[in-house]
Amino acid sequence: MRAGINGLTAALVIGVVIGLMLTPDGRGWLRHPTLMLGGTANASASPPSVASPVESPAPAPVAKAAVTPLKARLAQGELRIGVFGDSMADGLWAALYRDLHGEKGVTVTQFSAVSTGLSRYDYVDIQAKTARQLSETPVDAAVVMFGTNDAQGISLDGVIHDFGTPGWKAAYGKRIDDLVGLLRSRDVAVYWVGLPKMKRAGFDAKMAVINGVVRERMAALGVPLIETTGVTADAAGEYAAYLPGANGRPQLMRANDGIHMTMAGYRRMGAPVVERLKRDSGLDAAAARPQTTG
């Protein structure tokens, strides 16, 4: 009886594997079984199992490159904003689009994609992908938000660094530096958006590690960092699904997974980003000027 069950199980497993091999998504999953495919961000993906005690040196200080100011861009009649990142950035793009698309000369383009990040370039090489995107659709400002898929090991120069180790922080910092360097080499002003407060304490602690690396590299690179933990937490600094809305009444801000936001939440998180972009481009000053008639 046991032999029959074992044989049936083996046949079932073989059948599933063959089925996966017959489809592109199936073959992709077999190549990267720790990553989720489709429309859900892999916020809890497991890190690669291979670990190494080897640690990389901290990223070297980077010269603060100058790019064309946004005011100069808008003065020429156009300000092209691109949003780069993962599924969290998808929602941020929607919020920025709603709040900025009515401004004269301003466009907000989505370059983000679900299930992507800076840890697993064997899955999606963000550096190469961003270079292609910029060649196809140039932008003047990049709003960047990565991290919910990045709490896993990074392979760098043949060494896999476990999440949170000094080697991992150095490798993650290098990928941030490389991405910012690429954007600036195309005369793109960079704005990095930090990760919000998360519901599960363990996951929130991991996102805090990523926020820490981002904070350090933005300071070194001279890149504006828009923090979001404060606007996505309650008065005590704790996670809260409901926060005051525009009318002061509690409004649902978070999705059921405790990671992503509702549209109201994305607009709340995007408000300081919009404010910074308007200030740097002069849109806020233009709005404040009284209208005159001929």
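Residues numbered from 1 in each chain as written. Predicted model: local features only at pLDDT ≥ 70, side-chain atom pairs only at ≥ 80, totals over all residues. Heavy atoms only, no water.

Draft legend 1. Representation of the confidence of the model for the protein chain. For the protein chain, per-residue confidence averages 83 on the pLDDT scale, and residues scoring 70 or more make up 75% of the total. Considering only residues more than four positions removed or in separate chains, one finds that residues 1-57, a stretch of pLDDT under 50, has 73 contacts. (pLDDT = per-residue confidence, 0-100. Contact = heavy atoms within 4.5 Å.)

Draft legend 2. Summary view of the pairing of strand β1 (residues 79-85). The buried fraction of β1 amounts to six of the seven residues, a majority that puts the element mostly inside the structure. Across five bridges, β1 lies against strand β2 (residues 106-110) in parallel orientation. If you follow L79 over to β2, its bridge partner there is V106. Taken together, β1, helix α4 (residues 87-100) and β2 constitute a β-α-β crossover, and its handedness is right-handed. Strand direction decides the pairing type here: β1 and strand β3 (residues 141-145), joined by five bridges, are parallel. (Buried < 20%, exposed > 50% of the residue type's maximum accessible area, 1.4 Å probe, protein only. Helix = DSSP H or I, 4+ residues; strand = E, 2+ residues; numbered from the N terminus. Pairing = 2+ DSSP bridges. Right-handed = clockwise from strand over helix to strand, strands pointing away.)

Draft legend 3. Spatial organisation of the sheet that holds β3. Read from one edge of the open sheet, five strands run β2-β1-β3-β6-β7, paired in parallel fashion. Edge positions in the sheet fall to β2 and β7 (225-226), since each of these pairs with one other strand and no more. Along the sheet, α4 makes contact with β1, β2, β3 and β6 (189-193), crossing β2 at roughly 160°. Most of the contacts of helix α8 (residues 263-281) go to β6, to which it runs at about 160°, and overall it touches β1, β3, β6 and β7. (Axes fitted to C-alpha atoms, helices over the stretch in contact; angles between N-to-C directions.)

Draft legend 4. Molecular detail of the packing of helix α6 (residues 166-185) against helix α7 (residues 201-221). Between α6 and α7, the shortest axis-to-axis distance is 10 Å and the interhelical angle comes to 45°. The angle between α6 and α7 places the two elements in the oblique class. In this structure, the crossing between α6 and α7 has a hand that is right-handed. Contact residues: α6 offers W168, K169, Y172, G173, I176, D177, V180 and R184, while α7 offers V209, I210, V213, V214, R217, M218 and L221. In the contact of α6 with α7, the residues fall into 10 nonpolar, one polar and four charged. (Parallel < 35°, antiparallel > 145°, perpendicular 65-115°, else oblique. Left-handed = near helix turned anticlockwise from the far one by under 90°. Nonpolar A, V, L, I, M, F, W, Y, C, P; charged D, E, K, R; others polar.)

Draft legend 5. Quick peek at the pairing of β3. Most of β3 is tucked away, with five of its five residues classed as buried. Residues A141, V143 and M145 point to one face of β3 and A142 and V144 to the other, with burial holding for every one of them. Sheet analysis places β3 next to β6, joined by four bridges and oriented parallel. By the bridge assignment, V143 is partnered in β6 with Y191.

Draft legend 6. Geometry of the nonpolar core. By size, the foremost hydrophobic cluster in this structure holds 63 residues, and its most contacted members are I176 and W192. Residues contacting W192, with those up to four places away along its chain left out, are L118, V144, I176, L179, V180, V214, M218, V223, P224, L225 and I226. (Core = buried A, V, L, I, M, F, W, Y, C linked by side-chain atoms within 4.5 Å.)

Draft legend 7. Region of interest: α4. Its 14 residues place the ends of α4 20 Å apart at the C-alpha level, agreeing with the 20 Å of an ideal helix rising 1.5 Å per residue. Of all 14 residues that make up α4, 10 are buried, and the element is covered over most of its length. If you check which residues of α4 are buried, you get S87, M88, A89, D90, G91, L92, A94, A95, L96 and L100. Along its buried surface, α4 packs onto β1, β2, β3, β6 and α8. (Expected span 1.5 Å × (residues − 1).)

Draft legend 8. Focus on the packing of aromatic side chains. Per the stated rule, a full pass over the model turns up four aromatic pairs. Here the aromatic rings of F84 and F111 are separated by 4.6 Å at their centres, their planes lie at 5°, and the arrangement is stacked. Remark: F111 occurs in the loop between β2 and α5 (126-136) and F84 occurs in strand β1; sequence separation between them is 27 residues. On the basis of relative accessibility, which here comes to 3%, the residue F84 falls in the buried class. According to the relative accessible area criterion, F111 is buried, its value standing at 9%. On the numbers, 4.6 Å between centres and 70° between planes, the contact of F163 with W168 is edge-to-face. Residue classification places W168 among the buried positions, given a relative accessible area of 0%. The positively charged end of R175 is found above the aromatic ring belonging to Y121, 4.0 Å away from the centroid. (Phe/Tyr/Trp six-rings, centres within 6.5 Å; stacked < 30°, edge-to-face > 60°. Lys NZ or Arg CZ within 6 Å of the ring centre and 35° of its normal.)

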